[in-house]
Amino acid sequence: MLNLIRNRFLRIPDKMHIMIIAVVVMPLFIGAAIFFSGHFTNVYKVAFISDHAISFPKSKSIQIDKINERPATSSLAMGKYNAFVEVNKDGEFKVTTLKGESDKKAIQTFFEGGKLPENNKTEQRGIGTNILGFVLMLALMQGVALTTFYPEDRNNSTFKRILTSPVNSRQYLAAQGIFTFICLYVPTFIAIAITKICFGVEIGFGLGNLAVLLVILASLATAFSLFMASIMDRNISLGTSGISIITCILAGCFFNFTGNIKVLDVLCNILPQKAFMILIQAVENGRAFQEFAGQLTYTVTWVFALWLVGSVVTNRRIKKGVY
Amino acid sequence: MRFLRIAKFDFENILRNPTLLFSNTVMPLILIGLMGFVTQSFFGSGNMSSYDYYGVSMITLSALLIIMTATNAFMEERVKRANIRMIYAPIPKAEIYLSKILSTYILGTLSFSIILMIGQYLFHINYGGGNLPYILLLVNMLVLFGSCFGTMMCCVMGDEEKASSISQLPVLFFSAFGGIFFSVYGLGKTVAAISNLSPVKWILECAFRIIYDNDFALLLPVTFSLFGASIACVIVCQLTFKPEDFTC
C-alpha cells in the first residue's frame, strides 16, 4: 500500500497541470476570496436624481451620487447603484430599488430623517463560515481531479494488473484516498494560514480549529470523489462539478436562506454540507466542538458511507469482471 | 456531404452522452431555479426578481461552460478512436475539428434557445419580452465562442482532461469578476474598475441593457467581438492541431 501511495506521488509529473491547479491556482483563489471577502462592503450606493443641491449628512453605510439625469435601469441590475431616489413635486422622496422591502424602507428613512434605522440589516454570517463554505465547494470539485489516477488506471487496465499483486481493491482505494486527502488538505491549509498570518485578514478561526475543520472538509471531499470515481465511467469531472454546485447551494454554503418548501428543507437537511455549515458557524461563534457532536457524527457518517459505497461498487464490478 | 456526415455522427455522439445532455438542458434551469430561490429575499418586488437576475447570469455561465462539451466531444477516449480512423482517411484535418465545433454549436444553440423560450414564456423570467430575439442572438454567439474555444484548447493541449480543467479556470475567474455570482460593485471602486476587463461583465451588461433599457448600443460590439474571437480560435485550431499526435 505504501508503494501505491508512493506511485501516486511519482506520477505527479505526468499530471502536472492538475497538480498546478490544485497546489497553486486553487490556493490563490482561496486567498483572493478571503482577501476580498474582507473588503466586501455593505454600503448602499444611491443615485440621487435632482437638479437642486441638497446636502445630506454623511454616513458610512450609504454613499450618495448626485446626478441630474436618471441612470439606466440596468445599472440597478448590475449593482452599480442599489437604489434611485427622486424628489416629487410635494417634496417627497421616491425610492426605486430592486432590493427587498426592508432595504427600501431603510433608504427612505435615511432621506427623510438623515439617519439609517438601527439594526436594519439582518444578522450576517461570519467571514470564516463564508470562506469555508466556498472552500468546501472548491474541494468537492477539485477532489475528483486529484483522484484522476484511479479512472486512468481502470482505462489502461493497470488496475487489473495491480489487483493481481497482493493488493486488494480496498487497499488501492485507501492509497488513492490518502493521496487525494493530502493534496487537498495541505495546500488549502497553507493558503488560509498564510492569508491569515501574513496579510492579517481576520478569518474567524484560530489555526487549531481551522486545522480540525479542514480535516473534516477534506475527508468529505475525498470520500465523495472516490465515490463518484467508482460509480461513474465517463464525464466524472463534469458530473461531480454539477452535483457539488447544486448541493452546495442547497446546503447554504454561499447564502444562508430559509425556504418555505418543506420537501426542500428536508432535502437540504440530509446533505452533509448542511451539517458541516452548522458546525463551522457554531465554532466561529466560539462554541465548542462537543456541543455539536450530532452534526459532527453526521458528517463523519457520510464520509464513511460514501467511502463504503464506492468500495462496494468497485468490488462488485471486479467480481463481475468489468475491470 | 462527407463533412455533414462526420458532423452528424459527432452530434449523435453528444446526444448519446447523458452527462453532456443533462448539463446542457436541465442543468441551466436547475441553476436558475436554485440561485433564484436561494437569493429571493435579497430582491424586492420591483421590476427585477432574483429569478430575472440569475436567469440571465446563469444562462451566460452555462453557455460559457459549453467549452466542457466541446472538449468532450473532441477528445473523449471513445471519440478519440474514431478520430484516429479519420486521420488515416484522406480527409483534410480541418474537417475533423470543424465537425466538432459544428456539432457542439448546434446542440448548444438548440438547447439554449429552447431554455430561453421556456424561461420567458413558461417560467415568466424576464428575457426582454419582445427583445428576446436579441438575447437569443447574444447567447448564440456565446455558444459559438465556447464551442470554438473548447476545441481550440483541445488542439493546443492535445488532451481532453488537460483542456477542460485548464479552460475552466479563466471561465470561473472572469465569471466571478464579471458579476455572475454577486455584484462586483460591492467590492469597492477598484475592483469594479478591474471588472471592466472581464468579457463576461460586458455580456451581462449588454443583456441587462437590452432587457431593461431597450438599449442596443453594446449588442453589435459584443456579438462582433465574440464572433471575431471565435474565428481567431478556429485559426489557432488550424495552426496547432496535429493529427499525428493522436496515433501514439
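Residue positions are given per chain, counted from 1 along the sequence in the order it is written. By the order in which they are written, chains take letters starting at A while ligands take numbers starting at 1. Local features in a predicted model are, by the rule used here, given only for residues with pLDDT of at least 70; side-chain atom pairs are given and counted only at 80 or more, and totals for whole chains, interfaces and linings are based on all residues. Computation of side-chain values: all heavy atoms of the structure, hydrogens and water removed.

Chemist: So, the domain arrangement of chain A: which residues are in play, and what are the values?
Modeler: The split of the chain into domains comes from an automatic or database domain assignment. Along its sequence, chain A is organised into domain 1 (2-38 + 124-320) and domain 2 (44-113). Using only C-alpha atoms to locate each centre, domain 1 of chain A and domain 2 of chain A end up separated by 44 Å.

Chemist: Explain unusual backbone geometry to me, and be specific about the residues and the numbers.
Modeler: Phi is mostly negative for residues that are not glycine, and the peptide bonds are mostly trans. The residue A:Ser157 is not glycine, and still its phi comes out positive at about 65 degrees. Mapped onto the secondary structure, A:Ser157 falls in the loop between helix H6 (149-155) and helix H7 (158-164). Owing to a relative accessible area of 32%, A:Ser157 belongs among the partly exposed residues under this scheme. A positive phi angle is found at B:Asn214, which is not glycine, with a value near 55 degrees. To sort residues, take the accessible area from a 1.4 Å probe on protein chains only and compare it with the maximum for the residue type: under 20% means buried, over 50% means exposed, and anything in between is partly exposed. Taking relative accessible area as the criterion, B:Asn214 reaches 53% and is therefore assigned exposed. Here a helix means four or more residues in a row that DSSP labels H or I, a strand means two or more in a row labelled E, and each is numbered from the N terminus.

Chemist: Describe the packing of helix H4 (residues 66-75) of chain B against helix H8 (residues 160-178) of chain B, naming the residues involved and giving the relevant values.
Modeler: Residue and element names in this part refer to chain B. Axis separation between H4 and H8 bottoms out at 9 Å; the angle between their running directions is 170 degrees. Classed by the angle they form, the pair H4 and H8 counts as roughly antiparallel. Contacts between H4 and H8 involve Ile67, Met68, Thr71, Asn72 and Met75 from the former and Glu160, Ala163, Ser164, Ser167, Gln168 and Val171 from the latter. All amino acids are sorted into three groups, where Ala, Val, Leu, Ile, Met, Phe, Trp, Tyr, Cys and Pro are nonpolar, Asp, Glu, Lys and Arg are charged, and the leftover types, Gly among them, are polar. Class assignment of the residues belonging to the contact of H4 with H8 gives a composition of 5 nonpolar, 5 polar and 1 charged. Working convention: axes come from line fits to C-alpha atoms, limited for helices to the stretch in contact. Angles between N-to-C directions cover 0 to 180 degrees. Note that the term roughly parallel is reserved for angles under 35 degrees, roughly antiparallel for angles over 145, roughly perpendicular for angles of 65 to 115, and oblique for everything else. A contact between two residues is defined here by any heavy atoms of the two lying within 4.5 Å.

Chemist: Break down the sheet that holds strand E3 (residues 83-87) of chain A for me, with residues and values.
Modeler: Residues and elements named next belong to chain A. Only strands that DSSP links by at least two bridges are regarded as paired with each other. As summarised here, the arrangement of the 4 strands in space is E2-E1-E3-E4, forming an open sheet in which the pairing is mixed. Each end of this open sheet is capped by a strand with a single partner; those strands are strand E2 (62-67) and strand E4 (93-97). Geometrically, the sheet is characterised by an average inter-axis angle of 25 degrees between neighbouring strands, direction not taken into account. In this sheet, E2 lies alongside strand E1 (residues 44-49) in parallel orientation, the contact comprising 6 bridges. Bridged to Ile49 within E2 is Ile67.

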